[in-house]
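Architecture and fold: a report
One letter stands for each residue in the lines below.
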Amino acid sequence: MFSGNERTWLHVRADGCATIEPSAPHELPESLRDPVLANWIREPLDADTVFMMGDNPALPKMPERPALQDFFQLRFSTIAASHLLQSAKMARENGLDEKVIMACLLHDIAIAGLLSANHGYWGAQMVRPYVDEEVAWSIEKHEALRYFADESVGYAYPQAYVDYFGPDYNPPDYIRAEHAAARKHRWYLTERLITINDIFSFDSAAAVDFSEFTDVVGRNFRQPREGLGFDGSPVAHMWRTMIWPNNFL
């Protein structure tokens, strides 16, 4: 908002009250220099911009109709993309079904480009319109299965979780309930195979290219003609969030 040569800005105080206050052009209010907001702000400011909207010049520009591969290469963190590719490669080398390979390729997609909390559920929701339901369901349920060993198929409780959360960590009740229900499901082995091919796929020296899975993706991922984020699906907004992750609104 502008009045003559003055800029006005919304200031939200610690008590939650908001006020509109003047600011000189090109001057970013101190309250907006909080590190949490750092990725939202474009500096130095141009004449008419305070908050970032649209393409972030610090990020690679996405194509007009982005495909799954574009998110792996242009939006996902290097570590997360490598982990997903390693997991899928391990599943393929173990001779597993393409549904399992596809699920491994996508199982941490939310962590890679959106958010970490409840990542199995977010990830499943993001891909459900584009993959077989068994793949989406298995991605969702791997969230719970990670915390429970199944020695009969070679999955032990990860030492990493002991390191992360402590030896006495107890998953919440909803995770326990999800695990108990999943154990009885006809697709239990598919989701369990995700956890098996997940925990051993963190080799920082590994080099796996997305092109190794072009055939699998082509057969198992329904790429929308309009591009991910623009097909009007119930989850298109999630993909757009990854395209423009720093938009203020």
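Our subject is the structure listed above.
The notes below deal with the structure included here. (Residues numbered from 1 in each chain as written. Predicted model: local features only at pLDDT ≥ 70, side-chain atom pairs only at ≥ 80, totals over all residues. Heavy atoms only, no water.)

1. Considering the environment of Val-135
Let me state the cut-off plainly: Numbering goes from the N terminus for both helices and strands, where a helix is a DSSP run of H or I of at least four residues and a strand is a run of E of at least two.
Inspection of the secondary structure puts Val-135 in helix H6 (residues 133-145). Sequence separation of Val-135 and Glu-191 is 56 residues, and the distance between their C-alpha atoms is 8.2 Å.

2. Some thoughts on the packing of aromatic side chains
Cut-off, in case you're wondering: Here is the rule: rings of Phe, Tyr and Trp (six-membered ring for Trp) pair when centre to centre is within 6.5 Å. Planes less than 30 degrees apart are stacked, more than 60 are edge-to-face, and the remainder are tilted. For the exposure calls, accessible area comes from a 1.4 Å probe over protein chains only, and a residue counts as buried if that area is under 20% of its type's maximum, exposed if over 50%, partly exposed in between. In this scheme, Lys NZ or Arg CZ marks a charge over a ring once it lies within 6 Å of the ring centre and within 35 degrees of the ring normal.
By the definition in use, this model includes 15 aromatic pairs. Each ring, one from Tyr-147 and one from Tyr-161, has its centre 5.5 Å from the other, and the planes form 40 degrees; the classification is tilted. Here Tyr-147 is found in the loop between H6 and helix H7 (159-165), whereas its partner Tyr-161 is found in helix H7, with 14 residues between them in sequence. Residue Tyr-147 is classed as buried on the basis of its relative accessible area, which comes to 13%. In this structure Tyr-161 comes out as buried when scored by relative accessible area, which is 8%. Cation over ring: Arg-186 sits above Trp-187, and NZ or CZ is 4.3 Å from the ring centre.

3. Re the nonpolar core
Basically, it comes down to this: By nonpolar core we mean a set of buried residues, namely Ala, Val, Leu, Ile, Met, Phe, Trp, Tyr and Cys, connected to one another through side-chain atoms within 4.5 Å. Between two residues, a contact is recorded if the distance between any of their heavy atoms is within 4.5 Å.
In this structure, Leu-68, Phe-72, Leu-105, Leu-106, Phe-221 and Trp-239 are the most contacted members of the largest nonpolar core, which totals 45 residues. Examining the composition of this core, we find that seven residues originate from one element, helix H3 (residues 98-106), more than from any other. With near-sequence residues (within four places) excluded, Trp-239 lies in contact with Leu-68, Phe-71, Ile-109, Met-126, Val-127, Tyr-130, Leu-228 and Gly-229. Counting six residues, the second largest nonpolar core, distinct from the first, contains Tyr-121, Ala-144, Tyr-147 and Tyr-161.

4. Brief notes about a nonpolar patch on the surface
Stated formally: Residues enter a patch when their relative accessible area is above 30% and they make no salt bridge; the linking distance is 9 Å between like charges and 5 Å between nonpolar side chains (Val, Leu, Ile, Met, Phe, Trp, Tyr). Surface exposure here means Shrake-Rupley accessible area, sampled with a 1.4 Å probe, where a residue is shielded only by the protein chains that are shown. Salt bridges, as used here, are contacts in which a Lys or Arg side-chain nitrogen is within 4 Å of a carboxyl oxygen on Asp or Glu.
A grouping of Tyr-157, Tyr-164, Phe-165 and Tyr-169 is seen on the molecular surface, where their side chains present a nonpolar patch of about 420 Å² in accessible area. Here Tyr-169 shows up in the loop between H7 and helix H8 (173-183).

5. Details of the packing of H3 against H6
Rules: Axis angles are defined between N-to-C directions and span 0 to 180 degrees, where every axis is a line fitted to C-alpha atoms and, for a helix, only to the segment in contact. We call two directions roughly parallel when the angle between them is under 35 degrees, roughly antiparallel when it is over 145, roughly perpendicular when it lies between 65 and 115, and oblique otherwise. Should the near helix be turned counterclockwise from the far one by less than a right angle, the crossing is left-handed, whereas a clockwise turn marks it as right-handed.
Where H3 meets H6, the closest approach of the two axes is 9 Å, and the angle between their N-to-C directions is 45 degrees. Taken together, H3 and H6 sit at an angle that is classed as oblique. For the crossing formed where H3 meets H6, the hand is right-handed. On the side of H3, the interface is formed by Lys-99, Met-102, Ala-103 and Leu-106, while H6 contributes Glu-134, Val-135 and Ile-139.

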